[in-house]
Amino acid sequence: MLPFFKKDFLVYWRDRKEMAIALLTPIVIIMVLGFAMPNWVENPTGDLDLKVAVVTEDDAEDGLERFRNSLDALPLAPEETSSLAVSAERLLPSAMLMQLLESEEVRAFVSAIELDEEAAMRQLEDGDVSAIVTFPEGYTLSTLNKWLLNEGEGMAVALTAEQSSTEVDMLRNLLEGFMQTVNLQAAIGFASGGEAAASNSVGLIGPVGGRETIEGFEMVTSFQYYTLAIGVVFSLFVAMTTALKAATERKERVFHRIVLTGSHPIRYLSGKIGSTFCMALLQMTFIFIVCHFILDLFPARTVQFWLGLAMVALVFCFSVASLSAVFTSLAFRLEEATAGGVMTIILMMIGTVGGSFVPRFVLPQWIQLVGEWTPNGRALSAFLQWVQQGSPEVVAAPLLQLLAFSLAAIGASILLFPRRGRI
Amino acid sequence: MLETVELRKEFKGKTAVDDVSLYLNKGESVGLLGPNGAGKSTTISMISSLVKPTKGDVRLHGRSVIKQPQDIRKVLGVVPQEIALYEELSAYENLTFFGRLYKLKGAALESKIQETLEMVGLRERQKELIKTFSGGMKRRINIAAALLHDPEIVIMDEPTVGIDPQSRTHILDTVRLLNREKGTTVLYTSHYMEEVEQLCNRMYIMDHGRIIASGTHEELQRILSGEDTLLIQLNAPSQGLIQELQQLEPVRRAEETDNGLKLIVTKQSNILTAVVQAAERQRVQIINIHVHTPSLEDVFLHLTGRTLRD
Ligand SMILES: Nc1ncnc2c1ncn2[C@@H]1O[C@H](COP(=O)(O)OP(=O)(O)OP(=O)(O)O)[C@@H](O)[C@H]1O
Ligand SMILES: [Mg+2]
């Protein structure tokens, strides 16, 4: 296994011209795209549009009334009672949340309409809305009890979606962020001196998030997008280069010599996988680091962020490496020119649908769906999600899928590898 | 120790190798001669298990190796007709790679590499990249790479094609060394009769996929023992003379050469007078007549009607 890897890696490494092209071309392309079309992907909320149905099963007036009535039963001073009653009206939870949903920042990517439950479900099924936010029955009362009296567990709004998407994830983050912040502030308020303080601090909470960011969600700049997308697509080319080098090995009969040593095809393929993995990773690392230093791509990010980025890159490069094994087997099955053509077509196709050449949101819906199933598409989403949300749970699924793809591809390459007498 | 039994290979209806049976005894050096497209390389590929025969068998010590290629691959060293090396790697790196595939390691590998490099006379240049080597040097490394695992049988497919005299001498010396001093069995393929004459005890002559003659140098020459070759130098070319001579009964073949013509005639025929008379009739002057005993090249010409090289 090791001799094959060493040989393949050296063959790559010695080809200085090709190395230089492989490392510099993507950087040039990123620069050109980034400066030529700076606003194409900047601020993606402008292009995101999440239609949300808001279903209110709760009667807010009634809840408020019952909260006020419950205050009378408590052993409180009259002024406390009346201050809490005023706070309750001001902090009416469903109103605050609606206010948040209709705030300028959130309106940029969410449009909310109020519907009854039945209509909302129908529209969700028809795809007219992508998610439903439901205020469950008793929401107002239970939330006010939690916020103002620190009683009970409170209640969460429910978010229903047919399928997960970046927008739905954003909305979920938004709702969770809202709840957490309010609950936290209330808790701090209680700890530091009573209900009045609580109501004050709660009242300070405006719409969550600042101008550029929505809580837990970073915008992707066009340079970031191009760097990730171009980095991904150029890795795919490494898989093809490997296979073309294998075709040369066959043409120049070194492959025959290898067969004569009685080496197993798996050892041969593993050399291809190993060297492709290293070359793809080297290339990607180079692209990311150079672009980061030239463009200040990911300012003020944590070590954890970089580790996550590296993790996605590692897994993706492994899938590229396994793709190179498939291509190598193909190259042995076909004439060299045919193999080159077939590989180019495959790469162009998965490159396009996977969003490596143009941002995916400009593509028709069904192509976007197909694109999600290409390794480069998966990897690009994983990269983008990591940059936007930095949450391991979000990228775990695409990474596992990439690993599954890799194993399947390696299996396929072994099956495709020509048997003796047909090389 | 190694034999092929009625080996045949067809490519899309075209027969490249046609019922070839040959054998190699231990320690022998055997030549395989034939013009372009005779089927030499295809035969070698079948012996070395790279190509499946359409029909026939390859046997090592009497056991078929078609189904068990591993057996023969271990004892066989094949020098392919093409230069099968990594151009971007150095000679040393190439040999290390192939040596490791033969499961050689560490000091054993290192000493084997140095030994084979010494044998082909390129020890000093081992660190240089193959692509910087001359054609002859590449050929020598091409041979070295087939010798790393001490094969009992070495098959060389035209190892001296298109190279400088110095490299050629080196290669011929290497083959002699392998065969005479190490007792390696050699199958040597070539277009060059004199190489085979020098190196081999026995030879097979192949044409159009078939073996058309085989035997030792002397045995083959005896094929032509009933013939003489006349080289006639003329003052001017004359088609008329060739045509006239072809009519004569003892003349087997007459053809034009650079400065006259060449006749193959039955021995002891009184041909010279007839030639002189014909030349007078055609008004050409004979400058020189040379009678020579047939060479193996002539044997080949006799058998195939072609020369070994175009
Ligand atoms: N893979 C192939 N497909 C089709 N025909 C082939 C193939 N390999 C060889 N042939 C044909 O088989 C015949 C024998 O070829 P081969 O290479 O064995 O000849 P050779 O004696 O080695 O010639 P040379 O001296 O030129 O190397 C040729 O006519 C060639 O065209
Ligand atoms: Mg040949």
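Residues numbered from 1 in each chain as written. Chains lettered and ligands numbered in written order. Predicted model: local features only at pLDDT ≥ 70, side-chain atom pairs only at ≥ 80, totals over all residues. Heavy atoms only, no water.

A few words now on helix 11 (residues 222-251) of chain A. All names here are of chain A. Under the 1.5 Å per step criterion, the end-to-end length of helix 11 is 43 Å for 30 residues, consistent within 8% with the ideal 44 Å. Burial analysis of helix 11 places 24 of its 30 residues in the buried class, the great majority of the element. A positive backbone phi angle near 65° is found at arginine 253, which sits one or two residues after helix 11. (Helix = DSSP H or I, 4+ residues; strand = E, 2+ residues; numbered from the N terminus. Expected span 1.5 Å × (residues − 1). Buried < 20%, exposed > 50% of the residue type's maximum accessible area, 1.4 Å probe, protein only.)

Before going further, it helps to examine the coordination of the magnesium ion (ligand 2). Residue and element names in this part refer to chain B. The protein atoms that coordinate the magnesium ion (ligand 2) are Ser41 (OG) and Gln81 (OE1), at distances spanning 1.8 to 2.1 Å. Residue serine 41 is found in helix 1 (residues 40-47), and its partner glutamine 81 is found in the loop between strand 6 (76-79) and helix 3 (91-101); the two are separated by 40 residues along the sequence. The exposure class of serine 41 is partly exposed, given its relative accessible area of 25%. (Donors = N, O, S within 2.8 Å, 3.2 Å for Na, K, Ca; no water.)

With that settled, consider the sheet that holds strand 1 (residues 2-11) of chain B. Residue and element names in this part refer to chain B. Pairing in this open sheet of four strands is antiparallel, and the strands run 2-1-4-5 from one edge to the other. Of all the strands in the sheet, just strand 2 (14-24) and strand 5 (63-64) have a single pairing partner and so form its edges. Sheet analysis places strand 1 next to strand 4 (residues 55-60), joined by five bridges and oriented antiparallel. In the strand pairing of strand 4, arginine 8 is matched with lysine 55. Set on the sheet, helix 1 makes contact with strand 1, strand 2 and strand 4; between it and strand 1 the angle comes to about 120°. (Pairing = 2+ DSSP bridges. Contact = heavy atoms within 4.5 Å. Axes fitted to C-alpha atoms, helices over the stretch in contact; angles between N-to-C directions.)

As a further point, take the site of ligand 1. Residues and elements named next belong to chain B. Near ligand 1, the surroundings consist of 14 residues, among which Lys40, Ser41, Thr42, Gln81 and Glu158 are the closest. For ligand 1, an oxygen atom lies 2.8 Å from a polar atom in the side chain of asparagine 36. Between an oxygen atom of ligand 1 and a side-chain N or O atom of glutamate 158, the distance comes to 2.8 Å. In isolation ligand 1 has 630 Å² of accessible area, and contact with the protein removes 64% of it. Those elements giving two or more residues to the shell around ligand 1 turn out to be strand 2 and helix 1. Counting residues per element, the shell around ligand 1 draws most heavily on helix 1, which supplies three residues. (Near = heavy atom within 4 Å. Polar contact = N/O pair within 3.5 Å; in protein donor to acceptor, adjacent residues only side chain to side chain. Areas by Shrake-Rupley, 256 points an atom, 1.4 Å probe, with all protein chains shown as cover.)

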